[in-house]
Amino acid sequence: MLEKIQIVKQRFDEVNDLIIQPDIIADQKRYIQLNKEYKDLKKIVDKGAIYKELLDNISEAEEIIADGSDAEMVEMAKMQLDEAKEELPKIEEEIKFLLIPKDPDDNKNAVVEIRAGAGGDEASIFAGDLYRMYSKYCSDKGWKVDVVSTSEGTSGGFKEIIFEVTGEDVYGTLKFEAGVHRVQRVPQTETQGRVHTSTTTVMVSPEVEEFDYELDMTEVRIERTTSTGPGGQSVNTTYSAIKLHHEPTGMIVSCQDQKSSHKNLEKALKVLRSRLYERELEKQQEADSERRKSIIKRGDRSEKIRTYNYPQGRVTDHRIGLTLYDLSNIIDGDIQKIIDELMLAENTELLKASDDVI
């Protein structure tokens, strides 16, 4: 363990020197990458310092006990030894998890897309519930939510809503939410009181900048239209709404949330770039099966990941078999406990798969 910590410390010192070099500061992409690496390495170095101090305390205590000439010192040394031995395994475990290779996209912001699936109006209403759940969660974490585009449901909620989330380690947290979310409850439109099952799909992509993914604008057709509201009626008479057509893939991205055509174009390009980047990542992962050890991290979009059962007040995450009878708080944004369990399961699996970390 000490050897691994020392290797990390050497790299940390290198990065610490690099980020103050004028040529690195002038290279925005390289500077951002090194800053992220610096933060990750510092966590390991700080824990490593605590780990080494504990080992030193154990060694010192054992020497005093072996000497045995001072009874009072021996008693204090025994207490120090017990405390250090109790703390040591916890620090070792934390360092092991920190040494697991990180997904370079985890530090990025995220683009989240929620779409109503099976269930008609009830699916749209549930899509609205999920949007509010994520909005509350993001607000509690101090993250900013910025809506890109919406398509409202006929009885409330959304047929589709796309939004950006900016903050610290956003994608690394929200990526666990990607997949099919299922709701079981009596719909507002149901007069017989029968429980219906509806689904909504959540897609989470890392938000990428131009230097992360170079978008060939000759392959993008830009369509400018007037903004529209429910039913398709025109909301304004200026051509501020943007629709992007990516010719090679057939992807279409729309944005009309901003009054400015320029702002809508900027947002739409971010979403398109993120989708294309995610598409490339999926291709790479399919070609390299070793990079995809777990379905938790980046599940298939058609995979049912979670069920929200209202009659029982139950939420079940099917990937790890976690069931919580706390639906009202969860749907109100208290999803951190679920994400923590998913992160733990993912890290444990990666830890087992790693040849470097024992």
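Residues numbered from 1 in each chain as written. Predicted model: local features only at pLDDT ≥ 70, side-chain atom pairs only at ≥ 80, totals over all residues. Heavy atoms only, no water.

(A) Region of interest: the environment of Leu-99. Note that Leu-99 resides in the loop between helix H4 (71–98) and strand S1 (110–116). Its relative accessible area of 18% is what places Leu-99 among the buried residues. As for Leu-99 and Lys-4, which are separated by 95 residues in sequence, their C-alpha atoms are 8.7 Å apart. (Helix = DSSP H or I, 4+ residues; strand = E, 2+ residues; numbered from the N terminus. Buried < 20%, exposed > 50% of the residue type's maximum accessible area, 1.4 Å probe, protein only.)

(B) Representation of the layout of surface pockets. Estimated volume of the largest pocket: approximately 1400 Å³. Along its surface, the largest pocket is lined by 42 residues, and Asp-40, Lys-102, Asp-103, Asp-106 and Asn-107 are the ones closest to its centre. For the lining of the largest pocket, the secondary-structure elements that each account for two or more residues are helix H3 (28–67), H4, helix H6 (170–174) and helix H9 (336–353). The element contributing the most residues to the lining of the largest pocket is H3, with 12 residues. (1 Å grid on protein atoms, 1.4 Å probe; cavity = no way out; pocket = protein on both sides within 12 Å on 5 of 7 lines; lining within 4 Å. Points joined across faces, edges and corners; volume = space filled by probe spheres on them.)

(C) Quick look at the environment of Tyr-277. Residue position: Tyr-277 is located in helix H7 (residues 261–287). C-alpha of Tyr-277 to C-alpha of Pro-206: the two residues are 71 residues apart in sequence and 8.0 Å apart in space. Side-chain polar atoms of Tyr-277 contact the side chain of Asp-105, separated by 2.7 Å. (Polar contact = N/O pair within 3.5 Å; in protein donor to acceptor, adjacent residues only side chain to side chain.)

(D) The arrangement of the packing of aromatic side chains in detail. Per the counting criterion, the structure on display carries 5 aromatic pairs. Seen in terms of ring centroids, Phe-12 and Tyr-38 are 5.0 Å apart; in terms of plane orientation they differ by 25°. Their pairing is stacked. You can see Phe-12 sitting in helix H1 (residues 2–18) and its partner Tyr-38 sitting in helix H3, a full 26 residues away along the chain. For the ring pair Tyr-131 and Phe-158, a centre distance of 5.8 Å and an interplane angle of 85° mean the geometry is edge-to-face. Taken together, the positions of Tyr-131 in helix H5 (residues 121–140) and Phe-158 in strand S3 (residues 158–166) put the pair 27 residues apart, joining distant regions of the chain. Of the two residues, Tyr-131 and Phe-158, both sit in the buried class. (Phe/Tyr/Trp six-rings, centres within 6.5 Å; stacked < 30°, edge-to-face > 60°.)

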